[in-house]
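# Working through the structure, step by step
This is what each chain is made of:
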Amino acid sequence: MDIKLKLFELLFRQKLLGKGLKGRLLTPQIVSYAVTQACNLNCVHCHASAREPLPDELTVEEAKKAIIKMENIGTEVIIFSGGEPLLRKDLILNLTEQCADLGIIPAMLTNGTLLNHKTAWELKELGMMAVGVPIDFAVPEHHDSFRNTTGAFEGSVRAIKACLDVDLKVVVTTIVLKSNFEEIPKLINFLANLGVEQVVLYDFIPVGRGKDLKELMISAEQRAKLLEYIYKIQEEKEIFFLISGGEPLYPGAILEIHKAFETSPPNKLLRQFLVAAKVGCHAGIHYFSLRPDGDVYPCPFLQLKAGNIREQNLTKIWYNSKIFKELRNRNLLKGKCRECLHRETCGGCRARAYTQTGDYLESDPICPIELFSQKHIQLNNIECFGLCVG
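Because the structure is a prediction, the values reported are computed rather than measured. (Residues numbered from 1 in each chain as written. Predicted model: local features only at pLDDT ≥ 70, side-chain atom pairs only at ≥ 80, totals over all residues. Heavy atoms only, no water.)

## Quick word on the overall build of the protein
When you go through the protein residue by residue, the secondary structure sums to 14 helices and twelve strands. In terms of C-alpha radius of gyration, the protein reaches 19 Å, essentially the compact-globule figure of 21 Å for 390 residues. In terms of overall dimensions, the protein has C-alpha extents of about 50 × 50 × 45 Å along its principal axes. Relative to its full complement of 390 residues, the protein shows a buried share of 62%. (Helix = DSSP H or I, 4+ residues; strand = E, 2+ residues; numbered from the N terminus. Rg over C-alpha atoms; globule rule 2.2 N^0.38 Å. Buried < 20%, exposed > 50% of the residue type's maximum accessible area, 1.4 Å probe, protein only.)

Here's what the structure looks like:
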């Protein structure tokens, strides 16, 4: 499908039906492709432990062949990440153009420090749909310390302004932590004044370089406050939020709050990428992560090899991998998640279960059901999930 027709279809579903991407059974509709392990920052929490490039990262031709295979099995959105993807700028430009030609929607996560006006314009002209740029703290020095680089905050702000100047959709990504939780209202005001209309809040999953930072995870009380705050801001400002990183049901839960009060969140691009499927954790069901060397993970935070596209056909990995098959069979879940009435429509976060227990089929220690009950949200009414990308 031509990318313009794909975008028209998404817009139609959003505006007239109030829905995003239509969920398709056992189809990797969204793929996160980390094009390199190299990064010019050294962030303390990095799930990819990015710094130096891997010695055997996919070539341009290998990457293009992989995208053709993705199209063949139904991929509709590819999110390029890293490391820092713009350290392989030529590859990103090549793949962006290829995706647009194939009717796959391309997006990118970048730290922003290498994204100037020229690059933003090139990306837009080749078909890049949106760019995610991180700002984690309202205080520049706090952000720079978290990202381990002086000037990182200024780099993100310059990148956001460059995207806005060339009318390239920009999404700010923020890791929600105990250490920045109280700064979030101030940060959102800053972003609104900057002209940002879309924000993704990541619930921190301690993997990679952040595996020993579990104390930064927010509490249950803070998650409850976060839901209330997002609803309030979406009522007051023209900003649309997604929550990512192990909380795929939260965006749908916030939509249920809007329904209860007969209000509507802002109609922004991100809303089109809520996937209309009652599945919760979508790792290995609607989503996988391609790593720089061709390894395939269920998601960036569940760092277990399901196969490698240099060694096996991607189609065979997707349909036959033991890990993917087990993730799709919710009868194999253990503990509280196994006994739960909502295991088919939630399933817990498999990555968080693995980081906490060493078993990706064990119970997710952070269960949303009690919180949803407190907010009078019926989990069975949630009809979509938000992407957990990285």
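## Here's the deal with the side chain of His-342
Within the element layout of this structure, His-342 appears in the loop between α12 (335-339) and α13 (350-357). A distance of 3.3 Å separates the side chain of His-342 from the side chain of Asn-380, its partner in a polar contact. Residues in contact with His-342, not counting those within four places in the same chain, are Gly-347, Ile-369, Leu-379 and Asn-380. (Polar contact = N/O pair within 3.5 Å; in protein donor to acceptor, adjacent residues only side chain to side chain. Contact = heavy atoms within 4.5 Å.)

## Observations concerning the sheet that holds strand β11 (residues 295-297)
If you walk across this open sheet you meet the ten strands as β8-β7-β6-β5-β4-β3-β2-β10-β11-β12, and the pairing is mixed. Each having just a single partner strand, β8 (240-244) and β12 (307-308) make up the two edges of the open sheet. Relative to β12, β11 runs antiparallel, the two sharing two bridges. Note on β12: the bridge partner recorded for Val-296 is Gly-307. Of the strands in this sheet, β2 (30-34), β3 (77-81) and β4 (105-109) are in contact with helix α3 (residues 89-102), which crosses β3 at around 175°. (Pairing = 2+ DSSP bridges. Axes fitted to C-alpha atoms, helices over the stretch in contact; angles between N-to-C directions.)

## A word on the packing of helix α8 (residues 220-236) against helix α9 (residues 250-260)
The angle between the axes and the distance between the axes are what describe a pair of packed helices. Where α8 contacts α9, the axes come no closer than 10 Å and their chain directions differ by 55°. Judged on the interaxial angle alone, α9 and α8 are oblique. Between α8 and α9 the crossing geometry is right-handed. Between α8, through Arg-223, Leu-227, Ile-230, Tyr-231, Gln-234 and Glu-235, and α9, the contact on the second element is made entirely by Tyr-250, Ile-254, Ile-257 and His-258. Class assignment of the residues belonging to the contact of α8 with α9 gives a composition of six nonpolar, two polar and two charged. (Parallel < 35°, antiparallel > 145°, perpendicular 65-115°, else oblique. Left-handed = near helix turned anticlockwise from the far one by under 90°. Nonpolar A, V, L, I, M, F, W, Y, C, P; charged D, E, K, R; others polar.)

## Some thoughts on the environment of Trp-318
With respect to the secondary-structure elements, Trp-318 resides in helix α10 (residues 314-320). The class of Trp-318 is buried, set by a relative accessible area of 0%. Along the chain, Trp-318 and Gly-284 lie 34 residues apart, while their C-alpha atoms are 7.6 Å from each other. What Trp-318 contacts, discounting residues up to four positions off in sequence, is Leu-26, Thr-27, Pro-28, Ile-73, Gly-284, Ile-285, His-286, Tyr-287, Phe-288, Phe-324 and Arg-328.

## Structural notes on the pairing of β3
Judged by how many residues are buried, β3 sits mostly within the fold: five of five residues are covered. With burial as the criterion, each face of β3 is covered, one bearing Val-77, Ile-79 and Ser-81 and the other bearing Ile-78 and Phe-80. Across five bridges, β2 lies against β3 in parallel orientation. From the neighbouring strand, Tyr-33 faces β3, where its bridge partner is Phe-80. The handedness of the β2 to β3 crossover, carried by helix α2 (residues 60-72), is right-handed. Assessed by its sense of winding, the connection that carries the chain from β3 through α3 to β4 is right-handed. (Right-handed = clockwise from strand over helix to strand, strands pointing away.)

## Comments concerning a nonpolar patch on the surface
There is a patch of nonpolar side chains on the surface, built from Leu-25, Leu-26 and Tyr-319 and spanning about 310 Å² of accessible area. Relative to the helices and strands, Leu-25 is located in the loop between β1 (21-22) and β2. Owing to a relative accessible area of 77%, Leu-25 belongs among the exposed residues under this scheme. (Patch = residues over 30% accessible without salt bridge, like charges linked within 9 Å, V, L, I, M, F, W, Y side chains within 5 Å. Areas by Shrake-Rupley, 256 points an atom, 1.4 Å probe, with all protein chains shown as cover. Salt bridge = Lys/Arg side-chain N within 4 Å of Asp/Glu carboxyl O.)

## Some remarks on the side chain of Glu-326
Take Glu-326: it is sitting in helix α11 (residues 322-328). Excluding anything up to four places from it in sequence, Glu-326 contacts Leu-332, Tyr-360 and Leu-361.

## Considerations on α9
For α9, the buried fraction is high: nine of the eleven residues fall into the buried class. Looking at the packing, one finds that the buried side of α9 touches α8, β8 and α14 (369-374). A positive backbone phi angle near 55° is found at Glu-262, which sits one or two residues after α9.

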